[in-house]
Amino acid sequence: ERQDEMLEDVKKIKEAVYNPDSGLYARLRALEQWKESQSKVQWVIVTTIVGLVIATIYKALFSI
């Protein structure tokens, strides 16, 4: 009886980890994709801000 109970527990754990739609690996993959896209957006924003700051300083210095 304990072995059957243990077998059911192992099956549930296996399903929770390997389920392709909502398992642990699927959640990790989704999190990694989100992180990658956020990193790209962050770099675009930082680059834009740096460009605007440099353009503003250039304009202020050489418009005199």
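The rules behind the values
- Residues numbered from 1 in each chain as written.
- Predicted model: local features only at pLDDT ≥ 70, side-chain atom pairs only at ≥ 80, totals over all residues.
- Heavy atoms only, no water.
- Helix = DSSP H or I, 4+ residues; strand = E, 2+ residues; numbered from the N terminus.
- Buried < 20%, exposed > 50% of the residue type's maximum accessible area, 1.4 Å probe, protein only.
- Contact = heavy atoms within 4.5 Å.
- Expected span 1.5 Å × (residues − 1).
- Salt bridge = Lys/Arg side-chain N within 4 Å of Asp/Glu carboxyl O.

J.: What exactly am I supposed to notice about the environment of tyrosine 25 here?
T.: You can see tyrosine 25 is positioned in helix 2 (residues 24-62). The class for tyrosine 25 is partly exposed, based on a relative accessible area of 44%. Setting aside its immediate chain neighbours within four residues, tyrosine 25 contacts Val17 and Tyr18.

J.: Where do I start with helix 1 (residues 2-18) in this structure?
T.: In an α-helix there are 3.6 residues to a turn, and that puts residues three or four apart on one side. Helix length check: helix 1 (17 residues) gives 24 Å between terminal C-alpha atoms against 24 Å at 1.5 Å per residue, within 8%. Among the 17 residues that make up helix 1, zero are buried, leaving the element largely open to the surroundings.

J.: What should I look at first to understand the pattern of salt bridges in this one?
T.: Enumeration over the complete set of coordinates arrives at two salt bridges. A salt bridge links arginine 2 to glutamate 5; the nearest nitrogen and oxygen atoms lie 3.3 Å apart. A residue pair is termed a helical-turn pair when its members lie 3 or 4 positions apart in one helix, as arginine 2 and glutamate 5 do in helix 1 at three residues. What makes glutamate 5 partly exposed here is its relative accessible area of 41%. Here glutamate 36 ties to lysine 40 by a salt bridge, and the two come within 3.6 Å at their closest N and O atoms. Of the two residues, glutamate 36 and lysine 40 are both situated in helix 2; the distance of four residues between them amounts to about one turn of the helix.

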